[in-house]
Amino acid sequence: MTRLLLLTDSDVGRLVGSAESVDVVERAFADFGLGRTDMPPKVYLDFPLQRGDLRVMPAAVGDRFAGVKLINSHELNPSRGLPAVVGTYVLFSQETGIPLCLMAATTLTALRTGAASGVAVRHLARPGSSTLGLIGAGAQAPYQFRAVAGELPIAETIVWAPDSDAERRDSFIQAMSQAHPKVAFRAGSLQEAAAADVLCTTTPSRSQLFPAGSVRPGAHINAVGADGPGKQELDPALLRGARIVVDEIHQAVHGGEVNVAISQGLMQEGDIAGTLAGVINGSLPGRTSDSQITIFDSTGLAIQDIAVAILAYERALENGTGSTIDL
Ligand SMILES: NC(=O)c1ccc[n+]([C@@H]2O[C@H](COP(=O)([O-])OP(=O)(O)OC[C@H]3O[C@@H](n4cnc5c(N)ncnc54)[C@H](O)[C@@H]3O)[C@@H](O)[C@H]2O)c1
């Protein structure tokens, strides 16, 4: 009999915390940089008429597990009352090739995406950074906050979302204020949010959201929203003046924050300083001055997914969480 463990999004959310996601994702990036992981390029199926896509993301780490994430990004879903990003993860045994666990991948994705930003601020932000600008108040935003606030002494968080989404922004601020009473959360203009010490941009925008001059010297930006061709949140002038670290060069050039500026000839691939793995492993200097603006161009890697998926799976076995089906 081959029994498959099933985990829901709420199971994954109960099993794995933000701080430990940052630690396992940091190790995954380090292993990736040392060539100890197997991660073929992400495959995209684009549905331009639906303003969405489907991605297939395989990876293997260590000698026990391999996995594949199947996940979408559909920017019109929130207006239908559906999440923009929904998916599933299948974890396999390398030894037998048999699937071990099928888990919902919406929470997994938000956890591992927040975790990459946590790793980035650990290595690139100024240590005393105390204000956070959240640009976008959707599904990724709370996970970005938790991962960043786990690394830095964040005292104030300014949240921006388009006016059309003011209701969701306000309920986000209310929920976050209750969960984190020591942090002052407030709504602010784009310029106010962009002037924080650390920014996390998590919108599906296809044009720059604020001018380069809104960002203060010494800021760190986690550019998370642009994860497909044509997506863009930042002013190319900001990219040209900053130290840019990406998760993976080809993926970033294809669909990361840099994709539009590079395709329009406003910057070159050579303007990218290098990868987060390089900074973690010490082959690439991180921030080189207190006044430098650093940008982490996050596109989302399959090694992040498998790192958090293994943690969720092993915890579930320990705790007896989830149900099983016989394949
Ligand atoms: N880098 C990664 O690893 C990674 C992982 C997950 C999601 N993403 C991307 O992050 C983005 C946000 O994902 P989410 O799940 O939080 O989505 P969401 O729909 O839950 O939230 C999006 C937020 O952006 C705002 N918004 C929508 N359209 C906008 C526009 N044109 N301009 C400015 N703001 C706009 C919404 O009001 C909302 O506040 C998507 O582009 C998604 O593909 C990236």
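Refer to the structure printed above.
Residues numbered from 1 in each chain as written. Predicted model: local features only at pLDDT ≥ 70, side-chain atom pairs only at ≥ 80, totals over all residues.

### Re the nonpolar core
Here is the rule: Each nonpolar core comprises buried Ala, Val, Leu, Ile, Met, Phe, Trp, Tyr and Cys residues, the members being joined through C-beta atoms within 7 Å. Here the C-beta atoms are placed from the backbone, and a residue counts as buried if at least 20 other C-beta atoms lie within 10 Å of its own, exposed if 12 or fewer do, and partly exposed otherwise. The helix and strand labels rest on DSSP assignments: H or I over at least four residues marks a helix, E over at least two residues marks a strand, and numbering proceeds from the N terminus. Domain start and stop positions are those given by an automatic or database domain assignment. Whether two residues are in contact depends on their C-beta atoms, placed from the backbone: they are in contact if these lie within 7 Å.
Counting residues in hydrophobic clusters, the biggest one holds 98 residues, and the most contacted among them are Val25, Val148, Ile303, Ala307, Val308, Ala309 and Ala312. At 11 residues, helix H11 (residues 302–319) tops the list of elements feeding residues into this core. Both domain 1 (3–108 + 303–326) and domain 2 (126–300) contribute no fewer than three residues apiece to this core. Sequence-distant contacts of Ala309, that is, excluding residues within four places in its chain, are made with Gly67, Tyr89, Leu91, Met103 and Leu108.

### Some words on the site of the ligand
Threshold: Here, nearness means that the C-beta atom of a residue, built from backbone geometry, sits within 6 Å of the molecule or strand in question. Basically, the charged four are Asp, Glu, Lys and Arg, the nonpolar ten are Ala, Val, Leu, Ile, Met, Phe, Trp, Tyr, Cys and Pro, and anything else, Gly included, counts as polar.
As a matter of local geometry, the ligand sits amid 25 residues, with Gly138, Asp165, Thr203, Pro204 and Gly300 nearest to it. Partitioning the shell around the ligand into residue classes produces 9 nonpolar, 13 polar and 3 charged. Here the shell around the ligand gathers at least three residues from each of two domains, domain 1 (3–108 + 303–326) and domain 2 (126–300).

### Notes on helix H5 (residues 166–179)
Worth spelling out the cut-off: The span expected for a helix works out to 1.5 Å for each residue beyond the first. This arc corresponds to the set of directions leading from the helix axis out to the C-beta atoms.
Spanning 14 residues, H5 covers 20 Å between terminal C-alpha atoms, matching the ideal 20 Å at 1.5 Å per step. Along H5, the residues that are buried comprise Arg169, Phe172 and Met176. Buried residues of H5 fall within an arc of 60° about the axis and therefore sit on the same side. Along H5, exposed side chains directed more than 90 degrees from the buried face belong to Ala166, Glu167, Ser171, Gln174, Ala175 and Gln178. Packing partners of the buried residues in H5 comprise helix H4 (141–149), strand S9 (156–160) and strand S10 (184–187).

### Looking at the packing of helix H3 (residues 106–124) against H11
What counts here: Between N-to-C directions, angles cover 0 to 180 degrees, with each direction set by a line fitted to C-alpha atoms, over the stretch in contact for helices. Our angle categories are set so that under 35 degrees counts as roughly parallel, over 145 as roughly antiparallel, 65 to 115 as roughly perpendicular, and the remainder as oblique. Crossing handedness follows the turn of the near helix against the far one: under a right angle anticlockwise gives a left-handed crossing, and clockwise gives a right-handed one.
Running from N to C, H3 and H11 cross one another at 120°; their axes reach a closest spacing of 9 Å. By the angle between their axes, H3 is oblique relative to H11. In this structure, H3 crosses over H11, and the sense of that crossing is right-handed. Facing Leu108, Leu111, Arg112, Ala115 and Ala116 of H3, the residues of H11 in contact are Gln304, Asp305, Ala307, Val308, Ala309 and Ala312. When its residues are assigned to classes, the contact of H3 with H11 shows 8 nonpolar, 1 polar and 2 charged.

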